[in-house]
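Here are the chains, one letter per residue:
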Amino acid sequence: SRGINAEYGEFSQISKLHLSYPEKDITNLVECGTLEHYDKRYDRITTKAERPLQISNRLFHYVSTTDDPIIRELVKEGHVFATDSILATIMTCPRSYYSWDIIIQRVGSRLFLDKRDDSDFDLLTVNETANELPASEGGSNSLNKLSLEATFINQNFSQQCLKREQKHFKRPNPFLNDEDDNEPSSVAYRYRKIPLAGPGEPYTLICRTEVDAVTTNASGEEQLMNIKALNEWDLKAGASEWRQKLDTQRGDILTTEMKNNKCKLAKWTVSSILAGADLLKFGYVTRSMPRSSGESIGHSILGTQQFYPKQFAAQISLDMNNAWGILRVIVDKCMQLKDGKYVLYKEPSKGVLRIYKVPLNTFEEDNE
């Protein structure tokens, strides 16, 4: 592989980019899947009335862009194709510390952004932007174990706090398989057409976005919701600080999370804005220490908190015009590439993005 303009993408320059973003011009092309209603009883949970986190056997699908049958249907509708998680990773890149990579395929006038099948792309990071990073090895607080734990908590919490009341979209979940024994998670996929304006040629972006649940407001209007979990893992001397403080000092706990998980929170917020979610719900989940040495660590839900995604973006100093500006510049850069396959690579611990050209069959050997 060879680097292309290796100095491209210094974060100090990227942070100054801006593109004003006309949200009213976004249209939904296809909506599919089934959402369940949020159970508002979970808003009444406190540290005095905590609930154990239950393990769900529901199926979660993490399908990349070019493996999506609906993206293939929509190929004539746009120039750039991606999922919300891929776009959110690019749009929040100045906040990321760990490395990541995205596969870019330039095919004629079109650009397809994919993740690698065998990557950790869909695992959540933990304390990525803290002063002290988790150790890369050692016990349940190692980097990889914490990542798996946070992802496990998010999946389970997002399904536990729902009622079985369903809202069906026009089309079914495109990733369901008749052979699946387990029921699918509550999810709606919204394939959205987003105009990428800006200096230079206008491009149309086709993005698969996700929403986790539906709820109703005081006026009885339906609202779409994304549900995420913040989790406490660093229990000092086995004691949970969240259990002591969450009911009275929630703002302090959230401020610490915003500092230590600046990138993860920004990705969740961008994904929610891309999806047109009305609400972003957070659960606060801590570890329940095992009573005996043979038991594994359990988890408890201590409380929830709800935000409007755009207001939360302002609270975490996430400038969406900057996020769109970053995406536009990277799309422009990729549109200058010749047909072929490339990797957009974020260097670990450095604020640098690089683009490498790779042979067309790279990352496909395992599928044969």
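Residues numbered from 1 in each chain as written. Predicted model: local features only at pLDDT ≥ 70, side-chain atom pairs only at ≥ 80, totals over all residues. Heavy atoms only, no water.

Asks: I tried to follow the overall build of the chain on my own but got confused; where do I start?
Replies: Each helix and strand counted, the chain has nine helices and 15 strands in total. At 21 Å, the chain has a C-alpha radius of gyration in line with the 21 Å of a compact globule built from 368 residues. Oriented by its inertia axes, the alpha-carbon framework of the chain measures out at about 60 × 45 × 45 Å. A total of 368 residues make up the chain; the buried ones form 52% of that total. Residue pairs at least 24 apart in sequence account for 75% of intrachain contacts in the chain once pairs closer than 6 positions are excluded. Carbon and sulfur atoms form 47% of the exposed surface of the chain, whose accessible area is close to 17,400 Å². If you average the places of the 47 positive and of the 51 negative side-chain charges in the chain, the two averages end up 4 Å apart. (Helix = DSSP H or I, 4+ residues; strand = E, 2+ residues; numbered from the N terminus. Rg over C-alpha atoms; globule rule 2.2 N^0.38 Å. Buried < 20%, exposed > 50% of the residue type's maximum accessible area, 1.4 Å probe, protein only. Contact = heavy atoms within 4.5 Å. Areas by Shrake-Rupley, 256 points an atom, 1.4 Å probe, with all protein chains shown as cover. Lys, Arg positive; Asp, Glu negative; His and termini not counted. Charge placed at Lys NZ, Arg CZ, Asp CG, Glu CD.)

Asks: Is there a simple way to think about the pairing of strand β9 (residues 203-211) in this case?
Replies: Looking along a regular strand, one sees the side chains alternate between the two faces of the sheet. When you tally the buried positions in β9, you get eight out of nine residues, the bulk of the element. Pairing between strand β4 (residues 80-83) and β9: four bridges, direction parallel. Across the sheet, the residue bridging to F81 is I206, located in β9. With nine bridges joining them, strand β8 (residues 187-196) and β9 adopt antiparallel strand pairing. Within the sheet, the bridge partner assigned to K193 lies in β9 and is I206. The loop that links β8 with its antiparallel partner β9 comprises six residues; one of these, G198, has a positive phi angle of about 120°. (Pairing = 2+ DSSP bridges.)

Asks: Would you mind going over the environment of A150 with me for this structure?
Replies: By secondary structure assignment, the location of A150 is in helix α4 (residues 143-160). For A150, a relative accessible area of 0% translates into the label buried. Measuring from C-alpha to C-alpha, the distance between A150 and E257 comes to 13 Å, with 107 residues separating the pair along the chain. Aside from chain neighbours lying at most four places away, what touches A150 is L124, V126 and N231.

Asks: Can you help me understand the confidence of the model for the chain in this one?
Replies: Do not read the fine detail of predicted coordinates wherever pLDDT is low. On average, residues of the chain carry a pLDDT of 91, and 95% of them reach 70 or more. Across residues 1-8, confidence stays below pLDDT 50; counting only partners more than four residues off in sequence or on other chains, it has 23 contacts. (pLDDT = per-residue confidence, 0-100.)

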